[in-house]
Amino acid sequence: MDENEDASVSTIALDGQGPLYKQIERAVRSEIMSGRWPAGHRIPSEHSLMETLSTTRATVSKALSKLTEAGLLERRRKQGTRVALTTETHAVIGFLDIREEIEGRGRTYSYKVLRKRELVAGKSTPFWPAVAAGTPLLMLTAAHCGFGKPEVLEERFINLDAAPDAIEADFEADMPNTWLLARLPCTRLRHTIRAEAAGAADAERLDVVAGSPLLVSLRQTWADELPVTWVRLIYPADRNEFVGEFNPLQP
């Protein structure tokens, strides 16, 4: 084991939840999504991971195979396993990077959690039928801010059966999208955009006139068959637009 590989292994932390291969998968995903293992980085060998994590080669191989299938790793015989060069694109494809948009306008970005509470799915969550009644949920109300002023509002529900440690997470330090992607793959995404009129509370927070047009982005994500999160993002329509491009001929 060389010095760089030893350093890479030392940063891996298992969360103790679920099958060991899943813990390894989440731990390696976290290293990639955090940027500690950048694109092209050669990850520790299966043998090094096996010894450090006190497990079998088959368990390590299963975890790495799952990450390879997800496009996060590239495994080449006799060359080792590296973080895929396209990791960033694949990991967040379909997601809106609000921080990048706000910072691109020259403003200092911050994420503020306005409200956080636990509840169960049922009559109060008819908009998210993918989760069964009685499923424990975490609800967040938050604001994406530029220079401390809310520019985009967020309402989010997280399935606590999928991510139980979300209860203790500091989402102002580690935004929900990044935090969730570091622990669970996004294998399915449903995205809807619609227009709404600003109610009194949203209008006050966004500093617009009540009744002003809003652009609302509704997203649901899954990890395999498990619903993970439902998100409603609210934008003042006069200051924002959504642009998409499809180019099947682009290499």
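- Per an unreviewed UniProt entry, the protein chain carries the name GntR family histidine utilization transcriptional repressor and comes from Ancylobacter amanitiformis.

### Quick notes on the packing of aromatic side chains
Stage number 1. Taken as a whole, this structure holds four aromatic pairs when the rule is applied.
Stage number 2. Between phenylalanine 127 and phenylalanine 157 the ring centres are 5.2 Å apart and the planes differ by 50 degrees, which places this aromatic pair in the tilted class. Of the two residues, phenylalanine 127 sits in the loop between β3 (109–120) and β4 (136–146) while phenylalanine 157 sits in strand β5 (residues 149–159), which places them 30 residues apart along the sequence.
Stage number 3. Look at phenylalanine 127 and tryptophan 230: their rings are 4.4 Å apart centre to centre, the planes differ by 40 degrees, and that puts the pair in the tilted class. Taken together, the positions of phenylalanine 127 in the loop between β3 and β4 and tryptophan 230 in strand β8 (residues 226–236) put the pair 103 residues apart, joining distant regions of the chain.
Stage number 4. Looking at tryptophan 230, the relative accessible area reads 8%, which means it is buried.
Stage number 5. Grouping aromatic residues by their ring pairs yields a cluster made of Phe127, Phe157 and Trp230.
Stage number 6. Here the basic side chain of lysine 62 rests over the ring of tyrosine 21, its NZ or CZ set 4.0 Å away from the ring centre.

### Examining empty space enclosed by the protein
If a probe the size of a water molecule is rolled over the atoms, the empty space left behind becomes visible.
Stage number 1. Under the defined criterion, the tally for this structure stands at two cavities of 30 Å³ or more.
Stage number 2. By volume, the largest cavity amounts to about 90 Å³.
Stage number 3. Lining the largest cavity are 12 residues; nearest its centre among them are Leu180, Leu181, Thr221, Val228 and Thr229.
Stage number 4. For the lining of the largest cavity, the elements supplying multiple residues, two or more each, are α7 (176–181), β7 (213–223) and β8.
Stage number 5. The leading source of residues in the lining of the largest cavity is α7, at three residues.

### Concerning unusual backbone geometry
Stage number 1. Within the chain, phenylalanine 147 stands out as a residue other than glycine whose phi angle is a positive 55 degrees.
Stage number 2. Looking at where phenylalanine 147 falls in the secondary structure, it is placed in the loop between β4 and β5.
Stage number 3. Even without being a glycine, aspartate 207 presents a positive backbone phi close to 60 degrees.
Stage number 4. Looking at the element boundaries, aspartate 207 is found in the loop between α8 (200–206) and β7.
Stage number 5. We classify aspartate 207 as exposed; its relative accessible area is 52%.

### A few points about the confidence of the model for the protein chain
Stage number 1. Here the protein chain shows a mean pLDDT of 86. Residues at 70 or above account for 88%.
Stage number 2. This model gives residues 87–94 a pLDDT under 50, and the stretch forms 11 contacts once residues within four places in sequence are excluded.

### Quick word on the pattern of salt bridges
Between side chains of opposite charge, pairing is possible as soon as their charged atoms come close.
Stage number 1. Scanning the entire structure with this criterion turns up 16 salt bridges.
Stage number 2. For arginine 57, the salt bridge is made with glutamate 46, and the minimal N-O distance between the two is 3.6 Å. Note that arginine 57 is positioned in helix α4 (residues 57–69) and glutamate 46 in helix α3 (residues 46–53), a separation of 11 residues in sequence.
Stage number 3. Here glutamate 74 ties to arginine 76 by a salt bridge, and the two come within 3.9 Å at their closest N and O atoms.
Stage number 4. For glutamate 74, a relative accessible area of 28% corresponds to the partly exposed category.

Parameters at a glance
Residues numbered from 1 in each chain as written. Predicted model: local features only at pLDDT ≥ 70, side-chain atom pairs only at ≥ 80, totals over all residues. Heavy atoms only, no water. Phe/Tyr/Trp six-rings, centres within 6.5 Å; stacked < 30°, edge-to-face > 60°. Helix = DSSP H or I, 4+ residues; strand = E, 2+ residues; numbered from the N terminus. Buried < 20%, exposed > 50% of the residue type's maximum accessible area, 1.4 Å probe, protein only. Lys NZ or Arg CZ within 6 Å of the ring centre and 35° of its normal. 1 Å grid on protein atoms, 1.4 Å probe; cavity = no way out; pocket = protein on both sides within 12 Å on 5 of 7 lines; lining within 4 Å. Points joined across faces, edges and corners; volume = space filled by probe spheres on them. pLDDT = per-residue confidence, 0-100. Contact = heavy atoms within 4.5 Å. Salt bridge = Lys/Arg side-chain N within 4 Å of Asp/Glu carboxyl O.

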